[in-house]
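Structural overview
These are the residues of each chain, in order.
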Amino acid sequence: MSILVNENTTFIVQGITGREAVNLTRECLDYGKGAKVVGGVTPGRLGREVHGVPVFDTVAQAVAHHGSPIDGSVVTVPPAFTKDAVFEAIENGIKLIVIVTERIPRRDVAQMVELATLRGARIIGPNCLGIIVPDVVKMGGIGGPAKDAAKSYTPGSVGVISRSGGMTTEMSSTLTAAGLGQSTAVSIGGDAIIGSSYAELMPLFEADEQTEAIVIYTEPGGRMEAELAKWVTDNNSRLPIVAFMAGRFMDEMPGMSFGHAGTIVEGKEDTATEKIARLAEAGIVVAEEIAEIPELVKQAIAKRKG
Amino acid sequence: MRFFEYEAREIVKRAGIPVTDFGFTRDAAEAKEIAARIGGPTVIKSQVLSGGRMKAGGVQFADTPEEAQTHAENVLKLEINGQMPRGILVDPKADIDQEFYVGVVWDGTAKQPVIIFSPVGGIDIEQVAEEQPDKVGRRHFSNILPFSDYIAKEVIASTGVTGSDLNKLVPIVTKLAKLFVEKDMTLAEINPLGKLKDGSFVALDAHMDMENEARGRHKALLADLGVADEETREAREATPFEIAGEAVDAMDHRGVAGNVTEFDGNLGLVIGAGGGSLTLFDAVRAQGGDPANYCEIGGNPSVNKACGLAKLVLQKPGVDKIAVMMSIVSNTRVDIVARGVIKACLELNMDPAEKIAIFRIPGAWEDEGFLILDKYGVEYADRSVSLHEAARRAVEKIGAAA
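Residues numbered from 1 in each chain as written. Chains lettered and ligands numbered in written order. Predicted model: local features only at pLDDT ≥ 70, side-chain atom pairs only at ≥ 80, totals over all residues.

**Side note on the overall build of chain A**
The test is simple: Under the DSSP-based scheme used, a helix requires at least four consecutive residues in state H or I and a strand at least two consecutive residues in state E, with every element numbered from the N terminus. Radius of gyration here is computed from C-alpha atoms only, and the compact-globule reference equals 2.2 Å multiplied by the residue count raised to the power 0.38. Working definition of burial: number of other C-beta atoms within 10 Å of the residue's own, with buried at 20 or more, exposed at 12 or fewer, and partly exposed in between, all C-beta atoms being placed from the backbone. By definition, residue pairs are in contact when their C-beta atoms, positioned from the backbone, come within 7 Å.
Looking only at helices and strands, chain A has ten helices and 14 strands in total. Compactness check: chain A gives a C-alpha radius of gyration of 19 Å against a globular reference of 19 Å for 306 residues, within 12% of the reference. For chain A, buried positions account for 58% of its 306 residues. Sequence separation of at least 24 residues holds for 73% of the intrachain contacts in chain A that already meet a minimum separation of 6.

**Here we look at the sheet that holds strand E12 (residues 213–218) of chain A**
Residues and elements named next belong to chain A. Heads up, the condition is: At least two DSSP bridges between two strands are needed for those strands to be called paired. Angles here are taken between N-to-C directions and fall from 0 to 180 degrees, while the axes themselves are lines fitted to C-alpha atoms, restricted in helices to the stretch in contact.
The mixed open sheet is built from seven strands, whose spatial order is E9-E8-E11-E10-E12-E13-E14. Edge positions in the sheet fall to strand E9 (137–139) and strand E14 (285–287), since each of these pairs with one other strand and no more. Each strand of the sheet is rotated relative to its neighbour by a mean of 20 degrees, with strand direction disregarded. With five bridges joining them, strand E10 (residues 155–162) and strand E11 (residues 182–187) adopt parallel strand pairing. If you follow Ile161 over to E11, its bridge partner there is Val186.

**Brief notes about the pairing of strand E15 (residues 356–360) of chain B**
All names here are of chain B. Heads up, the rule is: We call a crossover right-handed when, viewed with the strands running away from us, the connection from the first strand over the helix to the second turns clockwise.
For E15, the tally of buried residues reaches five of five residues, placing the bulk of the element in the interior. As paired elements, E15 and strand E16 (residues 380–381) share two bridges and run parallel to each other. Paired with Arg360 across the strands is Ala381, a residue of E16. Note on the crossover from E15 through helix H14 (residues 366–375) to E16: the handedness is right-handed.

**Topic: the interface of chain B and chain A**
Facing 40 residues of chain B, the contacting portion of chain A comprises 46 residues. If you list the elements that add at least two residues to the side of chain B that touches chain A, you get helix H10 (274–286), strand E13 (293–298) and helix H15 (387–401) of chain B. Per element, the largest residue contribution to the side of chain B that touches chain A is nine residues, and it comes from H10 of chain B.

**Quick notes on the UniProt feature "domain: ATP-grasp" (unreviewed entry) in chain B**
Our working definition: UniProt positions are given in the numbering used here, feature names are shortened, and annotations may be inferred rather than shown by experiment.
UniProt tags residues 9–219 of chain B as "domain: ATP-grasp" (unreviewed entry). A distance of 18 Å separates the end C-alpha atoms of residues 9–219 of chain B, which is 34% helix and 28% strand.

**Side note on the domain arrangement of chain B**
Often the size quoted for an interface is simply the accessible area lost on bringing the parts together. Put simply, the rule is: An automatic or database domain assignment provides the domain bounds reported here.
Assigned domains of chain B: these are domain 1 (21–92), domain 2 (96–225) and domain 3 (240–401). Summarising the inter-unit geometry, the C-alpha centres of domain 1 of chain B and domain 3 of chain B are found 46 Å apart.

**Observations regarding the sheet that holds strand E3 (residues 59–62) of chain B**
All names here are of chain B. Ordered in space as E1-E4-E2-E3, the four strands form an open sheet in which the pairing is antiparallel. Looking along the sheet, the strands with just one partner apiece sit at the ends: strand E1 (23–25) and E3. Strand-to-strand, the axes of this sheet are offset by a mean angle of 20 degrees, without reference to chain direction. For E1 and strand E4 (residues 88–92), the ladder comprises three bridges, and the chain directions are antiparallel. For Thr25, the partnering residue across the bridge sits in E4 and is Ile88. Most of the contacts of helix H4 (residues 65–77) go to strand E2 (residues 42–46), to which it runs at about 10 degrees, and overall it touches E2, E3 and E4.

Structure, rendered in structure tokens:
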């Protein structure tokens, strides 16, 4: 099993004719069992094709062409147009939206997320690489071209959630090298406000029988780790979690932002030190190095089973 | 992007919130004129982005225009936490009955803005929240529904404020909430919001941060305030090295090779991507290394940009070697970064094999990249070498060089 997507998931790519989107579409079609990319949208480009995928002017046209509701959309349009594209997707019945675009102002993100919540849709991102179910399907640029993704990701029992797209692959590759496959890996995005936080994805992993442990990549900034720690405690989660915290040096530099837009330390609770303490209180193991993660995961799984 | 107090007050004023009759100047003689115009006692406030002005002596009280000039001269010369003031603000010393607090920030967990209000102002709101939690009201509001006055009324009333104070505060809090949204602020704060002896309210200090990503939407406002495009307005001003890094990144629109921050060590870093850079910077320090800089490569930059960034770092005084390291790349091409950093060494008449302590970038087009590195004798590593191990090797080499 997997969370969010499986081999039957249908999706479109909004902004499909852009350079990166063309590559992303190729990668998704090639990977695993081949993603069901049922259309693309770029206004004014109706009638074209991208790697055999038909291009439409509107999401409504794509849905009409498909003949039944479409599950998802990967949004790759420039920041100034992203809110409109996401509203269009949501209002045309799409329930899973992966926003790749970076540098979208928070106000727009918050509006998209609030509308999604009202309509029962879910947003992953923005500023993310998407979702991958090893050897089955990927939705987004995660892992890169199919042959590269195959080097890093293998099927297995570890759920991966990461605020960094590149580190999703780095951690998964490290797990794979140690014989630990992944159930689903989700790049949730590096912005201050994102559609789905760790705590919001945990219920899905909790309900997924294949998943036996969770690995997360975290950074300074925001309260997302505190939210996760609370969720784990409140719900008596069955899943052991191993976390890696990057950007510890930022604690000495309040008010500065590094790496991702969401990393700025604005208060004591945002610091790496404070977050590590919160995670540890909830029984979440914090690794000092990426290379330690596989062993910590194995120990944690053995402990739960023991 | 942080605003100076005098700019923040101007923004508040434009939103229709009452402010004192303050004046901004970079000149002590003009401070005297402003004080004379105001008449009566004044406050001279240093305009720096850093906090802790009061403690550092950057806020002075004057009874006469002459005294205002003397204080202005001193405050203009006073460095606060490494920053020279942009100028000074001359403010009437208001006759205050009570100080209130109102602020609006984003709540990343609720994913909505939240208004924070307190009838206890003038001090740090976190301190009030700790000591008198019943005196701090919080109220989220929708991103989609239009803002309505009752939201402001509810948060004010929740702290026990009633009567004419409540009715006078509602429009101020409403205007601040609307300003926060319309101007893409990440923080909009009035502290203190003063209640004068005559029962009216006036903003006595304001703190505004605008989201960097939204600056393009507010060009007119920023131009009006005289904020230049190149002003980053982070917690400290950008150094010449950092500004040069921005210029490298602006060479073309392909990918990122920038986000440079200056440190004073001997190991130059050419690292990426976002999360990888954070991890690698920590890793270098954990191994006892002393980074000369932070930076980020990502999104498949051109050879020229990778070269430009590497040159900048290689030429930084005190840099002995550079370490070129990234987390596994799927979009950025390994061979392009390899070509860029080797080109940088060659153009500076440096030996790549000696200057590049390690090259650890696995992923897309790695075989092609490793071939190039082989040719120049540069030590490289694939994904079997962890980020921390790569950092350790780089630090070990530079240790041997020193």
